[in-house]
Amino acid sequence: MDRQMVAEFRNEFDLTDAVQAVRDAGFEIVDAYTPFAVHGLDKAMGLKKSRINQISFLFALIGITVGVLGQYWVSAINWPINIGGRPWNSLPAFMPVAFEVMVLFCGLGTVFSFFAWRKVKYGKQGLQPNLRATNDRFYVVVKQGQERKSTSVVKDIVTENNGEMVDQ
Amino acid sequence: MSEFKKKYYISHEEKACETNCTCSDLPSVEDAKLTAGFTRRSFLKTSGFSFAAFMVACSKTPVQKAIPFLIQPEEVLPGKAIWYASTSFACDAGCAVHVKNRDGRPIKLEGNPNHPMTQGGLCAQCQASLIELYDSKRILVPQLNGNKSDWKTVDKTVVKHLRKVRDAGKEIIILTGTVNSPSLLHTIKKFKKKFKTVSHVHIDDYSYSAILDAHEKNYGQRILPKYRFDKADFIVSIDADFLGSWVSPIQFTKDFQKNRKLDSKQISKLIQVESRMSITGAKADERIAMTPTEMKSFMSDLDAIIQGEMGTNPHAKKLAKMLKHHRGNSLVISGINDIKIQLIVNRINQNLGNVGRTLDIKKPSRLFAGSDSSIHSLIAKIESGMVGALMISGTNPVYILPKGEQFASSMGKVDLCISFSDMQNETTANCNVIAPGLHDLESWNDAEQTTGILSMTQPVIRPFGENRSLRQSLSTWMGLKKDERDLVRNYWKKVFTSRVKSGKTFTRFWNELVHDGFSTISSKRKLLTRFKDQQVKIDTRQKNELELVLFQSSQMGHGRHAENPWLQELPDPITKLTWDNVASFSPKTAGAYHLEKGDLIEIISGKIKIKLPVFIQPGQKNNTVAAALGYGRKGTERFHEIGPNWLEKKDTVKKGETVGSSVSSMILFDENFQYGGLPVTIEKTGKTWDLALTQTYNTLTNPEKTSPASMPVRPFIQETTFNKIQKNPTAGSHHGHPITTLWEDDHTYEGHHWGMAVDLSSCTGCSSCIVGCQVENNVPVVGKDEVLRKRDMAWLRMDRYYSGDGENVDVSFQAMMCQHCDNAPCEPVCPVLATVHSSEGLNQQIYNRCVGTRFCANNCPYKVRRFNWFDYAHDDVMENMVLNPDVTVRSRGVMEKCSMCVQRIQEAKFEAKRLRVPLKDGDIKLACEQSCPADAIAFGDLNDPESRISKMTQSGRHYKVLEELNVEPTVGYLTNVRNRDADEGKGEHHG
Amino acid sequence: MANQISVREPQIHGNKNHADVTQDVCNIMDRKPTWLWWLGFGLALSALALGLVSVSYQIATGIGTWGLNKTVGWAFDITNFVFWVGIGHAGTLISAILFLFRQKWRTSINRSAEAMTIFAVICAGLFPIIHMGRPWLAYWMFPYPNFRGPLWINFRSPLAWDVFAIGTYLIISATFWYFGMIPDLATVRDRAKSKLKKFFFGVLSLGWNGSFRVWHRYETVYALLAGLAAPLVVSVHTVVSFDFATSAIPGWHTTTFPPYFVAGAVFSGFAMVLTLMIIARKTLQLEDYITLNHIENMTKVIILTGGIVTLSYATEFFMAWYSGNGYEQFVFLNRALGPFAWAYWIMVGCNLITPQFFWFRSIRRNVVLVFILSIFVNIGMWFERFVIIVTSLHRDFLPSSWSMYTPTWVEIGTLIGSFGLFFTLFLLFIRTMPMISMGEVKSVLHYRGNGDNQNG
């Protein structure tokens, strides 16, 4: 695989500007490491919108279906029993539970599918350029091109955004 | 109970002896124990204990192997109820009963509908007396000088002593409650022959002596007339609570209702004159409050006016006019035990020509024979030391006599005092011999309560102990060893020809007698002289500051059942008070003396002082204080630990104290026992007393501070007058506009649709239904503290509301139980479906599914659901034998409520199925329904247009409580109808 | 956007850089607890002990050890339940709804507010269980397949709805809370010295490494969760209000209950957050993070919700009068003038008068006053539930069964115990978990320096 260059920044604004510039210079951004979700960095890195919300909508659908049909089956088909003269299918009374079931399915579904995508490694020390990435430093990892000079280009952009290269 | 399924047996003993074998195969406690396991699981453990308890109780060789019915009595099938006809003497009148036997245990008494006197009604006392059979405190072996002994020694000593007394020429006194058993009287007569110096003295718990004495003066015979409330159109009752406690309330209620049929052209009119508020007063069409002294002047005026002389009393004037108008079918009675008054009463009835029409003196009642004067002479005799032996049976003189302590001490002068009581009481404490008697359910007996009708009592369980009846003991001491049954039977064999005018053979007569529980006999007519008028002078001048009124409450009587937990916790129909008696005052008088409810006061008459808590009773006459007899019995100390035990529990009675306090000492004892009119003063003690009331808000009128303009009175009691209902059959009953529902109706009730209706104008509020329900459904007794905390468990309660004020109030009763709503609000709120609706319209509670969220109870508009706050004690193993094996005993933490006796419904349905016949209306009688002496409760199938319930539901008087909530109750009520002119209506409830 | 500088007062005082934030927040966990913390913890534990004793005695002996009776079937038990559920609402509201509204000021309080939610819901959840006559059968409330022949729960019962609502609420808010904490857990992990701590937070942080590609999706999921939690929080108290609204008892049978209850919940919830935050910022020296701004904002929410609550009280009385229903009218007259009037007027005093003080800026920014007033609101809201439950039950339709209610020491002990449980959990939380969301705080610092000062 190609060599990568890592640059460190002191605040999110420098980082974002640098990333933007590096990408404009036609370099590929491998990833960035930041202590918090930096606003606008996604655009700078040119990340596409996540599709996870579609997944959670799917889960919500499953939830509401299970909720309504389940209750209907129990109260009207599997065990119809006269409760205070109410009809077998008391749909209005089934709404609260149906709603809660939907929310539950949707919430858990979303989170777990996120973890699934993330391939969580329990207890593993996270792979990051530097421990300060979760504290007060901002890193960007750039894919080094074939040309010799590319390194210097990146270096220049970094330095003019008051960051510095980290050599590993 | 359905007629076709109910079998009235001649007792096993009977059968057995027909085929001349021993009587040992009468179902015994062991049998009960052994089959118990099959009837209900929890009974196994119980019976395990009861076996031990039994061993302690008496020394019979137990059945070692637990094989059920190894020696199975004929007819007894596990789980199958057998019914015996009998008579219970728990109340003074004695109710004819059918005893329900399950696996050898009597578990329920029900009225015998065929009996001409009680006609299927059953009083609270008789129903509750069942538990006294299983009382672990019963004396089961004879006692000699306070120590356990055995019959041989006891008999030897007694006989030896009796001989000595006879030879010394001293008197032997047999002191009993009224004996109207021909055979027993015969035995006593024989006993007199044997020991010359015997005399037999009757003493009644509550004396009716004056009536008998008056008749002796007027007609030459000491008789108690038979009152015909079914014939009387106009009844004036002066201080006679004949629907609640006077003479024979159940019979009277039945008769009274006969002349109150609202579909007929006219009904009887009842005017009650009284000082306190009785249930007769509550039922009365008109009620006039008077002090005992006022009554006397009123009586003499009434008498005078009827004779055409002058009288000033306005009430007297009015009533005299009416009475004259109803000449011949009016009836004047008085509960005042004062010969002067009774002479006046007799004269009035004589002058009105009621004698022989509304009251029968030719075939008189034989319920009471006690004579006050003979008590006087008895005491004198004892004091003078002329008495060598005193035998006391069926009475507790030390407690009931005004000078009880004195009597007790004078008993010391008698060398031999024999008590036949099977419970320790004030009298037995002073007896050196206790020859314990039998419970009605263990013994053979007969009674001629009213001339010409013979009632039969037969044993339904083998005696728990070695107890013998009075009859047996006497005859043993006469030297004739006879089995009890033979004593009764042989007597009737002897007198058969003379007293039974019918073509039957004796055996047939006897079998029918035992089977039916009664039979008509002929008895020689007492010779009455023509009416001899007596002049009476009543001084009407006296005026008292405060007059005491003593009375028998319908549940406690004169204390005979003080140790009966069911009766102690049965709320008084009027006051709704349990576990206490009180000194009640009218609101005005209470105000005058600055008394608050619950203040502990002392009632003082001369040297006698009695501590009682104050109770404020609307409708009571001003300047009177009323207190119930029958409380303060020594034995009631036992209740100090009744009820669930926990940190904040307060004992029902403190150790060494009694439930309520005895007021016997306040009975005025001159020539008669006077229960009313004693002038008293009161003193505050500054202390207060908790009163365990089951109902604390007493009217349907909202508290005025928080009363909304739109609804000053709540329309739950709907009532009207007879005239109105004549013109318009729907008068008085109010219906909301019809309600439409959004639900599509998935639930149509094909087949049965059970329903119930209560006729408020029949119901007297006597509350025997409550006991009936309690016995049938194993409802626990919870004790005073729990009642105070408003946690009484009764499934059926008798709501009581006042309207009007001061001395002039109307009382309305409303039996309130689960309304079995078709749209039950309790059902949808239960998260675990522990309460659901049956296909026959019953609201069912599934105990073992209930987790106890209490949401159902909160959401019940009628508040009829009861929660098991604790594990209610079932540790008295003897007492547990009374439990109905068909009904689950509920555990802690579950909800319960009226099930419409679903076990009875099922039983009847199965039986009908077995016999392949359709279920008839009336086949199922609920526990409350069957015990109702007024036939106010009707249960049946709403889908059957011919059923009694359907007819009642269609009646114009029918209404439902809270029908505007659209809960569609299947229990309905019929308007309360009073026979009075509209303007007499006091605070008439309306909706 | 790079030169966007907030003209408003900064969210965080004492111009901190990112490292300072990490430092300050983690310090709370590192340094030894103060004597104040110990004192609080001791008190909380002893209250909890009292609660445990009361509850065990009640479960061993029976519900009879409570002051309930045949007429009043619920009192302290359900009052406490509704009270605690209400408290729970502020947390989710702050973290979810304020998040959706992009209210930046939430960042420094949302973490502990969420924790408070979870602990409150735990307290609340206990009561429906112990209030049962047979709590050991509580699992019957769940519709689990069984071999007892068809046997299910009653989906028409508000109590069954409660089971689902509270259950879902607990699970979702716990997830939300934990999910939001993962990056901070990683931060703690990366600066942890001790092996144990490293391992412990290593496990919890699920190998978080600050990769922005993860951050990117993480933000979406977080937003989604917030989006779910917002309607959830509304639904939960709506369902709780159904316990009463769907019944037949005058005073309960009221359609205005759902909004009324939700507003009340937020009202009491914010009061409780204030109480806790004010304690926390004093004892843990967080004045720079939980600023007067935060406090002021929350008091403003209290004014609003307090207003809604007041309106609800008025509406109830109006509707009672307007309905022309005598039973309804009686119940409300009875509340205000009946035997439980004292409770009613405590409620009115605390819930209607108290919020009015917050109209004055001086009071809003006076920590001590706000603290006292917030406690009054809590008292008032507890009494609101007590009044609704007890006064409606003790005098309903049939006067024959009207009765009074007085609590026993067991009930009082249980109430105190629930507070014990709540504070015990909360005090443990602030010692062991980052109680302020570092990541989010850093994101609102807008720090532009080079961050190289004393701490690194």
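Parameters at a glance
- Residues numbered from 1 in each chain as written.
- Chains lettered and ligands numbered in written order.
- Predicted model: local features only at pLDDT ≥ 70, side-chain atom pairs only at ≥ 80, totals over all residues.
- Heavy atoms only, no water.
- Helix = DSSP H or I, 4+ residues; strand = E, 2+ residues; numbered from the N terminus.
- Buried < 20%, exposed > 50% of the residue type's maximum accessible area, 1.4 Å probe, protein only.
- Contact = heavy atoms within 4.5 Å.
- Areas by Shrake-Rupley, 256 points an atom, 1.4 Å probe, with all protein chains shown as cover.
- Lys, Arg positive; Asp, Glu negative; His and termini not counted.
- Charge placed at Lys NZ, Arg CZ, Asp CG, Glu CD.
- Polar contact = N/O pair within 3.5 Å; in protein donor to acceptor, adjacent residues only side chain to side chain.
- pLDDT = per-residue confidence, 0-100.
- Buried area = accessible area lost by both parts, 1.4 Å probe.
- Salt bridge = Lys/Arg side-chain N within 4 Å of Asp/Glu carboxyl O.
- Nonpolar A, V, L, I, M, F, W, Y, C, P; charged D, E, K, R; others polar.
- Phe/Tyr/Trp six-rings, centres within 6.5 Å; stacked < 30°, edge-to-face > 60°.
- Lys NZ or Arg CZ within 6 Å of the ring centre and 35° of its normal.
- 1 Å grid on protein atoms, 1.4 Å probe; cavity = no way out; pocket = protein on both sides within 12 Å on 5 of 7 lines; lining within 4 Å.
- Points joined across faces, edges and corners; volume = space filled by probe spheres on them.
- Patch = residues over 30% accessible without salt bridge, like charges linked within 9 Å, V, L, I, M, F, W, Y side chains within 5 Å.
- Pairing = 2+ DSSP bridges.
- Axes fitted to C-alpha atoms, helices over the stretch in contact; angles between N-to-C directions.
- Left-handed = near helix turned anticlockwise from the far one by under 90°.

Draft legend 1. Here's a closer look at the overall build of chain B. Counting secondary structure elements, chain B contains 28 helices and 42 strands. Projected onto the principal axes, the alpha-carbon positions of chain B cover approximately 90 × 80 × 65 Å. A burial count over chain B gives 67% of its 991 residues as buried. Long-range pairs, those at least 24 residues apart, make up 73% of the contacts in chain B with a sequence separation of at least 6. As presented, chain B carries roughly 34700 Å² of accessible surface, and 54% of it is formed by carbon and sulfur atoms. Between the centroid of the 130 positive side chains of chain B and the centroid of its 113 negative side chains there is a distance of 5 Å.

Draft legend 2. Layout of the environment of Asn848(B). Mapped onto the elements, Asn848(B) comes out in the loop between β36 (843-845) and α25 (855-858). For Asn848(B), the residues in contact, after removing those within four places along its chain, are Arg134(C) and Trp140(C).

Draft legend 3. View of the side chain of Ser664(B). When you line up the elements, Ser664(B) lands in the loop between β25 (624-628) and β26 (668-669). A polar atom in the side chain of Ser664(B) sits 3.2 Å from the side chain of Ser662(B).

Draft legend 4. Quick look at the confidence of the model for chain A. The share of residues in chain A with pLDDT of 70 or more is 90%, and the mean pLDDT across the chain is 83. Taking the mean pLDDT of every element in chain A, the minimum, 79, falls on strand β4 (residues 164-166) of chain A and the maximum, 92, on helix α3 (residues 52-78) of chain A.

Draft legend 5. Just the interface of chain C and chain B, in detail. Across the boundary between the two partners, chain C contributes 64 residues, which contact 65 residues of chain B. Contact between chain C and chain B buries roughly 5100 Å² in total, counting both sides, with carbon and sulfur atoms accounting for 59%. Its largest share of buried area at the contact with chain B, chain C owes to Lys70(C), Tyr327(C) and Leu398(C), together 15% of the area lost on that side. There are three salt bridges connecting chain C and chain B. We note a salt bridge from Asp792(B) to Lys70(C), for which the minimum N-O separation is 2.9 Å. Linking chain C with chain B are 41 residue pairs in polar contact (both at pLDDT 80 or more), by the criterion used here. Contributing elements (two or more residues each) for the side of chain C that touches chain B: α2 (35-61), α5 (158-191) and α10 (326-337) of chain C. Among the elements that take part in the side of chain C that touches chain B, α10(C) stands out by supplying seven residues, more than any other. A class-by-class count of the residues in the side of chain C that touches chain B yields 32 nonpolar, 24 polar and eight charged.

Draft legend 6. Here's a closer look at the packing of aromatic side chains. For the structure shown, the criterion picks out 91 aromatic pairs over all chains. Aromatic pair Phe318(C) and Trp321(C): ring centres 5.8 Å apart, planes at 50 degrees, arrangement tilted. With a gap of three residues between them, Phe318(C) and Trp321(C) both fall in helix α9 (residues 292-323), about one helical turn apart. Taken together, the ring pairs in this structure connect Phe112(A), Phe114(A), Phe115(A), Phe99(C), Phe176(C), Phe179(C), Trp208(C), Trp215(C), Tyr218(C) and Tyr222(C) into an aromatic cluster. A cation over a ring is seen here: Arg714(B) above Phe330(C), with NZ or CZ 4.7 Å from the ring centre. Its guanidinium or amino end placed over the ring of Trp37(C), Arg431(C) lies 6.0 Å from that ring's centre, counting from NZ or CZ.

Draft legend 7. Representation of the layout of surface pockets in the model. Here the second largest pocket defines a volume of roughly 1400 Å³. Around the second largest pocket sit 43 residues that line it, and Ala245(C), Thr246(C), Ser247(C), Ala248(C) and His253(C) are the ones nearest its centre. Elements that contribute at least two residues to the lining of the second largest pocket include exactly α4 (91-118) of chain A together with α5, α7 (212-245), α9 and α10 of chain C. Among the residues forming the lining of the second largest pocket, the class breakdown is 23 nonpolar, 15 polar and five charged.

Draft legend 8. Here's a closer look at unusual backbone geometry. Residue and element names in this part refer to chain B. A positive phi angle, near 60 degrees, is found at Asp 239, a position not held by glycine. The residue Asp 239 is located in the loop between β9 (234-238) and α9 (249-258) in this model. Positive phi values are uncommon outside glycine, yet Leu 962 reaches one of about 60 degrees. Residue position: Leu 962 is located in the loop between β40 (958-959) and β41 (971-974). Accessibility expressed as a relative area gives 2% for Leu 962, which makes it buried.

Draft legend 9. Seen up close, the interface of chain C and chain A. Across the boundary between the two partners, chain C contributes 63 residues, which contact 71 residues of chain A. Across the chain C/chain A interface, buried area totals approximately 5900 Å², and carbon plus sulfur atoms make up 67% of it. On inspection of chain C and its partner chain A, the count reaches zero salt bridges. For the side of chain C that touches chain A, the secondary structure elements donating two or more residues are α1 (18-30), α5, α6 (195-204), α7 and α15 (438-443) of chain C. Split into classes, the residues belonging to the side of chain C that touches chain A amount to 32 nonpolar, 21 polar and 10 charged.

Draft legend 10. Summary view of helix α17 (residues 470-477) of chain B. For α17(B), a buried count of eight out of eight residues is recorded, marking the element as mostly surrounded by other parts of the structure. Taken together, the buried positions of α17(B) are Leu470(B), Arg471(B), Gln472(B), Ser473(B), Leu474(B), Ser475(B), Thr476(B) and Trp477(B).

Draft legend 11. Looking closely at a nonpolar patch on the surface. Residue and element names in this part refer to chain C. Together, Trp 342, Ile 346, Val 368, Leu 369, Ile 372, Ile 375, Phe 376 and Ile 379 line one region of the surface with nonpolar side chains, adding up to about 670 Å² of accessible area. Take the nonpolar patch: its biggest share by element is six residues, from helix α13 (residues 367-394). Tracing the backbone through its elements, the reader meets Val 368 in helix α13. Judged by its relative accessible area of 56%, Val 368 falls in the exposed class.

Draft legend 12. Broad picture of the sheet that holds strand β5 (residues 147-148) of chain B. Residue and element names in this part refer to chain B. Taken together, the seven strands give an open sheet; going across it, the order is β5-β4-β16-β15-β14-β6-β7, and neighbouring strands pair in mixed fashion. Edge positions in the sheet fall to β5 and β7 (198-202), since each of these pairs with one other strand and no more. Docked against the sheet, helix α6 (residues 151-167) engages β4 (143-144), β6 (171-176), β14 (387-393), β15 (416-419) and β16 (433-434), running at close to 135 degrees with respect to β14.

Draft legend 13. The confidence of the model for chain B, seen in detail. All names here are of chain B. Of the residues in chain B, 91% have a pLDDT of 70 or more, and the chain-wide mean is 86. Every residue in residues 984-991 is under pLDDT 50, and counting partners more than four places away or in other chains gives 27 contacts. Of the two predicted TM-score estimates for the complex, the pTM is 0.90 and the ipTM is 0.90.

Draft legend 14. Looking closely at the packing of helix α3 (residues 76-100) of chain C against α5(C). Residue and element names in this part refer to chain C. Viewed as axis vectors pointing N to C, α3 and α5 meet at an angle of 40 degrees, and their least axial separation amounts to 12 Å. Crossing geometry of α3 relative to α5 is assigned as left-handed. For the pair formed by α3 and α5, the contact residues are Phe 81, Val 85, Gly 88, His 89, Thr 92, Ser 95 and Ala 96 on the first element and Asp 162, Ile 166, Tyr 169 and Phe 176 on the second. Along the lines of polarity and charge, the residues of the contact of α3 with α5 split into six nonpolar, four polar and one charged.

Draft legend 15. Molecular detail of the pattern of salt bridges. Residue and element names in this part refer to chain B. Within this structure, the stated rule accounts for 73 salt bridges over all chains. A salt bridge links Glu 110 to Arg 904; its shortest N-O distance comes to 2.3 Å. Taken together, the residues span a long stretch of sequence, with Glu 110 in strand β3 (residues 105-111) and Arg 904 in helix α26 (residues 902-914) at a distance of 794 residues. The buried category is assigned to Arg 904, whose relative accessible area is 3%. Among the charged side chains, a salt-bridge network with shared partners connects Lys 100, Arg 102, Asp 103 and Asp 886.

Draft legend 16. How the structure looks around a positive patch on the surface. Residues and elements named next belong to chain B. Among the surface-exposed residues, Lys 189, Lys 190, Lys 192, Lys 193, Lys 482, Lys 494 and Lys 524 lie close enough to one another that they form a single positively charged patch. Sorting elements by how many residues they give to the positive patch places helix α7 (residues 182-194) first, with four residues. Relative to the helices and strands, Lys 482 is located in the loop between α17 and α18 (484-499).

Draft legend 17. Main features of the pairing of strand β23 (residues 599-605) of chain B. Residues and elements named next belong to chain B. For β23, the tally of buried residues reaches seven of seven residues, placing the bulk of the element in the interior. Across the two faces of β23 the burial is the same, with Asp 599, Ile 601, Ile 603 and Ser 605 and Leu 600, Glu 602 and Ile 604 all buried. Two elements, β23 and strand β29 (residues 681-688), share five bridges in a ladder whose sense is antiparallel. Paired with Ile 603 across the bridge in β29 is Ile 682. As judged from the six bridges shared by β23 and strand β24 (residues 608-616), these two strands associate in the antiparallel manner. Considered in β24, the bridge of Glu 602 is made with Lys 611. Where β23 folds back on β24, the antiparallel hairpin that results is connected by two residues, among which Gly 606 adopts a positive phi of roughly 60 degrees.

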